[in-house]
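Structure assessment
Residue-level listing of the chains:
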Amino acid sequence: MTVSRFSGALLACAAMLATPAIAGQANPRVGGAAMLPSKNIVENAVNSRDHTTLVAAVKAAGLVETLSGPGPFTVFAPTNAAFAKLPAGTVDTLVKPENKAQLTTILTYHVVPGTMTSKDIAKAIKDGGGKATLTTVQGEPLTASMMGRTLMLTDAKGGMSHVTIADVRQSNGVIHVVDTVLMP
């Protein structure tokens, strides 16, 4: 593929990923619940039936206050099904008080400082020649790329996660729903 065709494909993907929320219309529903751009990340997440495990983990890690703060944050939010892909017993072990540091490390690996819409990420991918490195709050990088029309994230261990719902605006940033827990 020539560079111009590659750039065109990335721009087309960015346009497709841009949801009506970015065009000024309503946010997409997540987990059966309305996601109100006037509410913060935690206030919206608690209403998503697809994110009960994430909410419990955020509470166990003591990150509610941080993710309720002004931010802005970009959060790659794993669904309950994403957590269910982990080996049996992993979540139960991670939410124990003695594992708070490890849980915090994993959760902050899903957060990037600032607000990065799918359009912003697609531009970074284009500018990076097909890949973009996103530095997480945890400190380690995530690699963003496109697989066809799907925004992909590759973690430090080589695991891949798909963005299934992009650009869910929050008062303190943006959420992108992902189908796999990312590991630092």
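Whatever comes next refers back to the structure up there.
Now for a description of the structure that goes with this document.

About the thresholds
Residues numbered from 1 in each chain as written. Predicted model: local features only at pLDDT ≥ 70, side-chain atom pairs only at ≥ 80, totals over all residues. Heavy atoms only, no water. Buried < 20%, exposed > 50% of the residue type's maximum accessible area, 1.4 Å probe, protein only. Helix = DSSP H or I, 4+ residues; strand = E, 2+ residues; numbered from the N terminus. Contact = heavy atoms within 4.5 Å. Pairing = 2+ DSSP bridges. Axes fitted to C-alpha atoms, helices over the stretch in contact; angles between N-to-C directions. Parallel < 35°, antiparallel > 145°, perpendicular 65-115°, else oblique. Left-handed = near helix turned anticlockwise from the far one by under 90°. Nonpolar A, V, L, I, M, F, W, Y, C, P; charged D, E, K, R; others polar.

For helix H7 (residues 100-108), the full list of buried residues reads Leu103, Ile106, Leu107 and Thr108. Among the structural elements, helix H3 (52-61), helix H6 (90-94) and strand E2 (111-113) are those in contact with the buried residues of H7.

Let us now look at the sheet that holds strand E5 (residues 150-154). Strand order in the open sheet made by the 7 strands is E2-E1-E7-E6-E5-E4-E3, with mixed pairing throughout. Every other strand in the sheet has two partners, leaving E2 and strand E3 (132-135) as the edge strands with one partner each. Strand-to-strand twist of the sheet, defined as the mean angle between neighbouring strand axes without regard to direction, takes the value 30°. Note that strand E1 (residues 73-78) and E2 share 3 bridges and pair antiparallel. When the sheet's bridge partners are listed, Phe73 is paired in E2 with Pro113.

The next thing to look at is the pairing of E5. Direction of pairing for strand E4 (residues 141-147) relative to E5: antiparallel, over a ladder of 5 bridges. Of the residues in E5, the one forming a bridge with Ala144 is Leu153. Of the strand pairs in this sheet, E5 and strand E6 (residues 160-170) are connected by 3 bridges, and their pairing is antiparallel. Directly across from Met152, in E6, lies its bridge partner His162.

Let us look at the packing of H3 against H7. Viewed as axis vectors pointing N to C, H3 and H7 meet at an angle of 125°, and their least axial separation amounts to 9 Å. In terms of their interaxial angle, H3 and H7 are classed as oblique. The two elements H3 and H7 meet at a crossing, and its hand is left-handed. Contacts between H3 and H7 involve Leu54, Ala57, Val58, Ala60 and Ala61 from the former and Lys100, Leu103, Thr104 and Leu107 from the latter. Partitioned by chemical class, the residues of the contact of H3 with H7 number 7 nonpolar, 1 polar and 1 charged.

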